[in-house]
Amino acid sequence: MGSSAQLSGHGRAFDFFSRILVRPRLLLTLAAVVFAVGAAGLPGVVKDPSVDAFVPSNHPAAVARDEAKTLFGLEDPMVVALAAPKGQSIFTPEGLGSLRALHEALRVLEGVKKNDVMSLASENAFWGNNGDLAVEPILPQGTITQEAAQTAQQRAALMPVLTGLLISEAQDLAMIVVPVEDANHAEEVYAAVLKTSSALTPAGYETHVAGVAAMNARLADMVSVNTKRFIPLAVVLVLSFLFVALGSPKAILAPFGVIVGAAALGIGAMGWVDARYYLITSALPVVIMAIAVADSVHICSFYLAARREDETKSAREAAAMALARTWLPVCLTSLTTIAGFIGLSFGAAMRPISEFGIFAAIGVLGALIFSLTLLPALLVLMDLKPTSQPGTRHLNAWMDSAASAMTRLAIRAPGSVLSAICLLLVVMGVFASQAQFDYERKRYFLADEPVRIADQVIADRLGGINFLDVVVTAPEEGGLLSLEALSAIGELKASIAALPHVVKVSGIDDYIHLMHTALTGAPAGTLPERAAAPAQYMFLYEASAPPDDFKQEIDYLQQNALIRAQLSTDSFQKTGPVVSRLDAEVRAWAGRHGLGAAVSGRVAVNDGWMSLLAHNHFRGLGLAALLVWLAALVSFRAVLPSILVMVPVFAGVLSIYAMMGLLGITIAPATSMMAAISTGLGVDFGVHLMAHVRRARKAGKSWSEAFSGHYILVVRACFYSAAALALALSVLVISTVPVLRWFGLLIATGAIGSLFGAMFILPALQLSALRWRKGAAQNA
């Protein structure tokens, strides 16, 4: 392995660390103070599972959404579907009685907007009665008899606008729309709705609970439960792996302290500045843990090697030697990793991703601080000695032998190795090109998850409950009940109905059509000829029914109205072109008719932040890579080495996109930052190996010597770091939340790709460049 003198590194560094390690308890005290500062912020961390957190508040889609919420009380609701037994109608005494009971029970749940709950049990029907307008509830008052059920069926047929929204075309499923006080924080409401629905479902019937608010709530609950379960398990597995690698229970105590301290500092900083713990933040502790382990493994490996080579050396001398050899690459890797996370933060247009980068960088800084203080202090105080266990010795020997064989292959036949790698990269590039930007709500749940099944059942029966809205505004009060405005609304609705994936479009003009037909017998779908007729119809209706029956179609001043389209899908790939076309058509329509119009609704909001993500994704990745390269350039103070260490980064990033293309994992908010994270993590391996080779060459060693001896020890430490990271993240692969599975798989893939890129590509490139320069010199 080499002499102890070789391990000690530069004398001045060794002397410096020897002096500060004379007082290890002081180092522990300083580390404890830093830990206490970070941990004090942990109670202030607030969870925010909101999907809308990804949308900037000033984005046009978000502004239109907020306006629609203010005007019409629209909120992403939960929806409860009551399904009749197969082949039966919901219009039976049992079916309608259960619907009414369920409607009333859901109204009184805490967190539900009780006055906005909608179903056949809350809606009215109207018809003409000797020139007057009769308005009655669809469900007759009192006990639902067979006759009352038939009456309800007849009245529902008079209101075709409700078909596809509150009742299926086949009349075998009835919907209850349950708006909640906070659609982004509705976990308790969702649990109560599930419990209530289950308790009131009669035998043979089924209830299904879905909707945006329900899916948000279920996802937040699943992520919370999974992270509480899997992060501790990941820590246990990593520590178990370190026990195997380092050989004793005592050996894992110091790395464990670094892991806990770094995570406390990174997450605790969120509480200090009142940041939010978003869904994607759930992965942050694992990332910080992986980085902390990497630093610890390198320092511990050199410490144990120093004591193994010279058993007379004290723990303080060995720790000083280890720090003298590793402090620079550890600082360099921390600098480049921090640069990568800062690039991720600055390049992201979405607050959750930006904050992830900021607090990950703080966690990396914490890992560096604890690795250079807490870790060596504990090594000295514990007087840690190398293991005598045969299993560990054999594992390390096998690792060293494998690393030596791979390194020899790379330096003996660099041209062949690079050719093979280039071919592999081409194949990976083909798969990577298949990765697409897309977001579809149901993909965040496994196929057997009840909320996904409910969403599919409702979509199959109703055609889709994904809403795309247009808020129409007239220049003056009452302007939307003019015949010109109603005709224009009908024109826009026809254009919307012709768009792909649109299954239903509704608006205030539908009700004016129905009233005109009921009162005059005119053909369905026609408007009156008298200018004052629409306002008179509304007056007649309000004389017999509550004045707020149309509050979700038109405001009280009759100056703002809502056109609502239901789409069969919320997939960004499919709805993106629809939203773009609608936006263009709305602008042209508004110009023609002198009316204001803004596109809104859940589909438009999703399109807004996904378009923003697609626009900024590669720019953010490029910025992260640029900052990592600049950090490497400053660290090495040379262009060529800083370029070379980016090659493994490229290999890791390409591995991630290739895996996404191969498995059909889409680029969405939860997966968009994987490549940028990989730039910060993947550069570590190249920096450690490059720093060792440069040090060896400056010491006068040949290229062959530079790629042997302690170079193999560095390779082993890099492998253990990558393996520990992959092992920790592999726990997430068995999660019930697909997004956590994707995170674990993709980051592990990037780390392994960067590791093998550093082990194969770096030596081959360096030797190929050397041979090329020699050949050029000889030819000259």
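Our subject is the structure that appears above.
Here goes a summary of the coordinates provided. (Residues numbered from 1 in each chain as written. Predicted model: local features only at pLDDT ≥ 70, side-chain atom pairs only at ≥ 80, totals over all residues. Heavy atoms only, no water.)

Things to note about the overall build of the protein chain
Helices and strands together make up the secondary structure of the protein chain, namely 28 helices and 11 strands. For the C-alpha atoms alone, the extent of the protein chain along its principal axes is close to 110 × 60 × 45 Å. Counting only residues that meet the buried cut, the protein chain has 59% of its 780 residues in that class. (Helix = DSSP H or I, 4+ residues; strand = E, 2+ residues; numbered from the N terminus. Buried < 20%, exposed > 50% of the residue type's maximum accessible area, 1.4 Å probe, protein only.)

Focus: the packing of aromatic side chains
For any pair of aromatic rings, the description rests on two quantities: the centre-to-centre distance and the angle between the ring planes. According to the stated counting rule, one finds 13 aromatic pairs in the structure shown. Here the aromatic rings of Phe16 and Phe17 are separated by 5.2 Å at their centres, their planes lie at 75°, and the arrangement is edge-to-face. Judged by relative accessible area, Phe17 falls into the buried class, the value being 7%. Taking the centre distance of 6.0 Å and the plane angle of 20° together, the rings of Trp703 and Phe707 count as stacked. Among the residues examined, Phe707 registers a relative accessible area of 4% and is labelled buried. (Phe/Tyr/Trp six-rings, centres within 6.5 Å; stacked < 30°, edge-to-face > 60°.)

Some words on helix H12 (residues 351-372)
For H12, with 22 residues, the first-to-last C-alpha span of 32 Å sits near the 32 Å given by 1.5 Å per residue. Extensive coverage of H12 is indicated by the burial of 17 of its 22 residues. (Expected span 1.5 Å × (residues − 1).)

Comments concerning helix H16 (residues 450-462)
Note: α-helices contain 3.6 residues per turn, so residues at a spacing of three or four share the same orientation. Here H16 spans 18 Å end to end across 13 residues, near enough to the 18 Å set by a 1.5 Å rise per residue. The secondary structure elements touched by the buried residues of H16 are strand S2 (78-83), strand S5 (173-178), helix H7 (187-199), strand S6 (206-210) and helix H8 (212-246). Backbone geometry just after H16 places Gly463 at a positive phi near 95°. (Contact = heavy atoms within 4.5 Å.)

Let's talk about the sheet that holds S5
Here 3 strands make up an open sheet; going across it, the order is S5-S2-S6 and the pairing antiparallel. Strands at the two margins of the open sheet, each flanked by one partner only, are S5 and S6. Going across the sheet, the axis of each strand differs from the next one's by a mean of 20°, ignoring polarity. With 6 bridges connecting them, S2 and S5 associate as antiparallel partners. Its bridge partner being in S5, Ala83 is matched across the sheet by Leu173. In the packing of helix H5 (residues 93-107) onto the sheet, contacts are made with S2, S5 and S6, and the angle to S5 comes to roughly 10°. (Pairing = 2+ DSSP bridges. Axes fitted to C-alpha atoms, helices over the stretch in contact; angles between N-to-C directions.)

Points about a nonpolar patch on the surface
A cluster of nonpolar residues, Leu423, Val427, Phe431, Leu662 and Leu663, forms a patch on the protein surface that exposes about 470 Å² of accessible area. Within the residue set of the nonpolar patch, elements represented by two or more residues are helix H15 (414-432) and helix H23 (646-663). The greatest single-element share of the nonpolar patch, amounting to 3 residues, is contributed by H15. By secondary structure assignment, the location of Leu662 is in helix H23. (Patch = residues over 30% accessible without salt bridge, like charges linked within 9 Å, V, L, I, M, F, W, Y side chains within 5 Å. Areas by Shrake-Rupley, 256 points an atom, 1.4 Å probe, with all protein chains shown as cover. Salt bridge = Lys/Arg side-chain N within 4 Å of Asp/Glu carboxyl O.)

Here's the deal with the packing of H15 against H23
The relative placement of two packed helices comes down to the angle between their axes together with the axis-to-axis distance. At a minimum axis separation of 7 Å, H15 and H23 run at an interaxial angle of 45°. Accordingly, the angle class assigned to the pair H15 and H23 is oblique. In this structure, the crossing between H15 and H23 has a hand that is left-handed. Residues Leu425, Met428, Gly429, Phe431 and Ala432 of H15 form the contact with H23, whose participating residues are Phe650, Ala651, Leu654, Ser655, Tyr657, Ala658, Gly661 and Leu662. A breakdown of the residues in the contact of H15 with H23 according to their chemical character gives 10 nonpolar, 3 polar and no charged. (Parallel < 35°, antiparallel > 145°, perpendicular 65-115°, else oblique. Left-handed = near helix turned anticlockwise from the far one by under 90°. Nonpolar A, V, L, I, M, F, W, Y, C, P; charged D, E, K, R; others polar.)

A word on the pairing of S2
Burial runs high along S2: 6 of the 6 residues are buried. In terms of strand pairing, S2 meets S6 through 5 bridges, oriented antiparallel. Bridging from a neighbouring strand, Leu82 pairs with Thr207 of S6.

Some points on empty space enclosed by the protein
Summed over all chains, the structure comprises 8 cavities of 30 Å³ or more. Reported here for the largest cavity is a volume of approximately 360 Å³. Considering the residues around the largest cavity, the lining is formed by 23 residues, among which Met118, Leu165, Gln552, Glu553 and Arg564 are closest to the centre. Elements represented by at least two residues in the lining of the largest cavity include exactly S5 and strand S10 (560-567). The biggest single contributor to the lining of the largest cavity is S10, with 3 residues. Of the residues belonging to the lining of the largest cavity, the class tally is 14 nonpolar, 5 polar and 4 charged. Roughly 260 Å³ of volume is contained in the second largest cavity. Together, 21 residues line the second largest cavity, and Leu279, Ile280, Tyr444, Ala670 and Val739 are the ones closest to its centre. Elements with a minimum of two residues in the lining of the second largest cavity: H8, helix H24 (669-672) and helix H28 (738-779). Ranked by residue count, the leading element in the lining of the second largest cavity is H8, at 4 residues. (1 Å grid on protein atoms, 1.4 Å probe; cavity = no way out; pocket = protein on both sides within 12 Å on 5 of 7 lines; lining within 4 Å. Points joined across faces, edges and corners; volume = space filled by probe spheres on them.)

Here's the deal with the packing of helix H21 (residues 602-636) against helix H25 (residues 674-698)
Across the interface, H21 lies against H25 with an axial gap of 10 Å and an inter-helix angle of 20°. Judged on the interaxial angle alone, H25 and H21 are roughly parallel. In this structure, H21 meets H25 at a crossing whose hand is right-handed. Contacts between H21 and H25 involve Leu621, Ala624, Val628 and Phe636 from the first element and Ala675, Ala676, Thr679, Val683, Val687, Met690, Ala691 and Arg694 from the second. Per-class residue counts for the contact of H21 with H25 are 10 nonpolar, 1 polar and 1 charged.

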